[in-house]
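Each chain is listed here by its residues.
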Amino acid sequence: VLLGCVSYDPAVGRIWEMMRSYMRGAGVPFDFVLFTNYEQQVACLLNGHIDIAWNGPVAHVVAQQRAGEGQTVSLGMRDCDRDFVSICVARKDA
């Protein structure tokens, strides 16, 4: 299993290194790839270069839209993201 995640903080690599150790200890062949942006991560998921993407809420929606209806599966969500809301703000003359 190859998971992609965006490295938005130095701790991200350390977190997934611990997860890799746990998964391998449980007999699951697991590794991860760090991305610098969600656009590339979504593209790699949809092109089959990674098996799972640890997406943020907006990248999750983008992946679903680009893949087409029923072509992606959501495996889970952190409880702290459960009530996430996006707001678009634009000038009236835009």
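Being a predicted model, the structure only gives us computed values, none of them experimental. Every chain begins its residue count from 1, and numbering advances along the sequence as written. Note on the predicted model: pLDDT of at least 70 is required for a residue's local features to be given, and 80 or more for side-chain atom pairs to be given and counted; whole-chain, interface and lining totals, by contrast, use all residues. Note that water and hydrogens are dropped before the side-chain values are worked out from all heavy atoms of the structure.

Peer 1: Please set out the overall build of the protein residue by residue, giving values where relevant.
Peer 2: Numbering of helices and strands runs from the N terminus, with a helix taken as a DSSP run of H or I at least four residues long and a strand as a DSSP run of E at least two residues long. Broken down by element type, the protein carries three helices and three strands. In the protein, the order of α-helices and β-strands from amino to carboxyl end is β-α-β-α-β-α. Summarising its shape, the C-alpha atoms of the protein cover approximately 55 × 30 × 25 Å along the three principal directions. Put simply, the protein has 94 residues, and 20% of those count as buried. Any two residues having at least one pair of non-hydrogen atoms within 4.5 Å are treated as being in contact. Of all intrachain contacts in the protein linking residues separated by at least 6 positions in sequence, the fraction that spans at least 24 positions is 51%. Between buried and exposed lies partly exposed: a residue is buried under 20% and exposed over 50% of the maximum accessible area for its type, with that area taken using a 1.4 Å probe on protein chains only.

Peer 1: Give me the pairing of strand 1 (residues 2-6): which residues, what numbers.
Peer 2: Of all five residues making up strand 1, four are buried, and the element is well covered by its neighbours. For two strands to count as paired, DSSP must find a minimum of two bridges between them. Pairing analysis gives five bridges linking strand 1 to strand 2 (residues 31-35), with the strands arranged parallel. Its bridge partner being in strand 2, C5 is matched across the sheet by L34. Where the polypeptide runs from strand 1 across helix 1 (residues 11-25) and back to strand 2, its parallel neighbour, the crossover connection is right-handed. Pairing analysis gives three bridges linking strand 1 to strand 3 (residues 52-54), with the strands arranged parallel. Residue pairing for strand 3: C5 is matched across the bridge by W54. Call a crossover right-handed when, viewed with both strands pointing away from you, the route from the first strand across the helix to the second goes clockwise.

Peer 1: I'd like a description of the state of the cysteines, backed by residues and values.
Peer 2: Note on terminology: pairs of cysteine sulfur atoms within 2.5 Å are recorded as disulfides. In the structure shown here, the tally under the stated rule is zero disulfides. In this model C5 remains outside any disulfide bridge; the closest cysteine sulfur is found in C44, 12 Å from its own. The exposure class of C44 is buried, given its relative accessible area of 17%.

Peer 1: How would you summarise a nonpolar patch on the surface if you had to cite specific residues and measurements?
Peer 2: On the surface, V85, I87 and V89 cluster together to form a nonpolar patch covering roughly 370 Å² of accessible area. Relative to the elements of secondary structure, V89 occurs in the segment after helix 3 (57-67). Patch membership is restricted to residues that have no salt bridge and whose relative accessible area is over 30%. Joining uses 9 Å for like charges and 5 Å for the nonpolar side chains Val, Leu, Ile, Met, Phe, Trp and Tyr. To be clear on the numbers: accessible area is Shrake-Rupley with a 1.4 Å probe, and residue cover counts the displayed protein chains and nothing else. Counted as salt bridges are all cases of a side-chain nitrogen of Lys or Arg within 4 Å of a carboxyl oxygen of Asp or Glu.

Peer 1: Residues and numbers for the pattern of salt bridges, please.
Peer 2: Under the defined criterion, the tally for this structure stands at three salt bridges. Of the charged contacts in the structure, one is a salt bridge between D31 and R24, with a shortest N-O distance of 3.7 Å. D31 sits in the partly exposed class, given a relative accessible area of 28%. Two residues, R91 and D93, come together in a salt bridge whose shortest N-O distance is 2.9 Å. The exposure class of R91 is exposed, given its relative accessible area of 61%.

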